[in-house]
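Geometric and topological summary
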Amino acid sequence: MRLLIAILVLLLLALQYKLWFGDGGFTEIRGLELRVAAQEQENQALVQRNAELQAEVEDLRERLEAVEERARSELGLIREGEEFFQVVPESSTRPAPTPPEPATSEPGRDG
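Residues numbered from 1 in each chain as written. Predicted model: local features only at pLDDT ≥ 70, side-chain atom pairs only at ≥ 80, totals over all residues. Heavy atoms only, no water.

Moving on, we come to the confidence of the model for the protein chain. In this model, the protein chain carries a mean pLDDT of 83, and residues with pLDDT of at least 70 account for 82%. For the protein chain, per-element mean pLDDT is lowest for helix α3 (residues 64–75), which scores 84, and highest for helix α2 (residues 26–62), which scores 93. (pLDDT = per-residue confidence, 0-100. Helix = DSSP H or I, 4+ residues; strand = E, 2+ residues; numbered from the N terminus.)

Here it is, written out as structure tokens:
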């Protein structure tokens, strides 16, 4: 009788191990659930990005001002008759300008 109980307990433990850690077990299912949740988040971000791009496409199709704005910002285009000014900020990595040397008079040349 003890041998039968021992065999049944071992069989139960083997089945429990397979249930928790085997193929299709709880740990694998939990890992898959986490992967699905991460993929759903990524999909939601991509849906948002697609909506923004679609709105931008519609804006470019319907408004000439949007096309002009894009041409100005991305391509640097200006209208005829406009003046373009580019402001370059001073960089701390540029060397400081050297002061001009004082004028020296050459010998034999007076004023």
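For the rest of this paragraph, the subject is a nonpolar patch on the surface. Among the surface-exposed residues, Met-1, Leu-4, Ile-5, Leu-8, Val-9, Leu-10, Leu-11, Leu-13 and Leu-15 lie close enough to one another that they form a single nonpolar patch of about 950 Å² accessible area. Relative to the helices and strands, Val-9 resides in helix α1 (residues 2–21). (Patch = residues over 30% accessible without salt bridge, like charges linked within 9 Å, V, L, I, M, F, W, Y side chains within 5 Å. Areas by Shrake-Rupley, 256 points an atom, 1.4 Å probe, with all protein chains shown as cover. Salt bridge = Lys/Arg side-chain N within 4 Å of Asp/Glu carboxyl O.)

The first and last C-alpha atoms of α3 sit 16 Å apart over 12 residues, in line with the 16 Å expected at 1.5 Å per residue. Backbone geometry just downstream of α3 places Gly-76 in the positive-phi region, at approximately 75 degrees. (Expected span 1.5 Å × (residues − 1).)

Bringing the pattern of salt bridges into the picture now. According to the stated counting rule, one finds 9 salt bridges in the structure shown. When the shortest N-O distance is used, the salt bridge between Glu-58 and Arg-61 registers 3.4 Å. In this pair, Glu-58 and Arg-61 are both assigned in helix α2, 3 residues apart and thus about one turn of the helix distant. For Glu-58, a relative accessible area of 28% translates into the label partly exposed. Relative accessible area serves as the criterion here: at 65%, Arg-61 is assigned to the exposed category. Put simply, Arg-70 and Glu-74 hold a salt bridge, and the shortest N to O gap is 3.1 Å. Here Arg-70 and its partner Glu-74 are both found in helix α3, 4 residues apart, which amounts to about one turn of the helix. (Buried < 20%, exposed > 50% of the residue type's maximum accessible area, 1.4 Å probe, protein only.)

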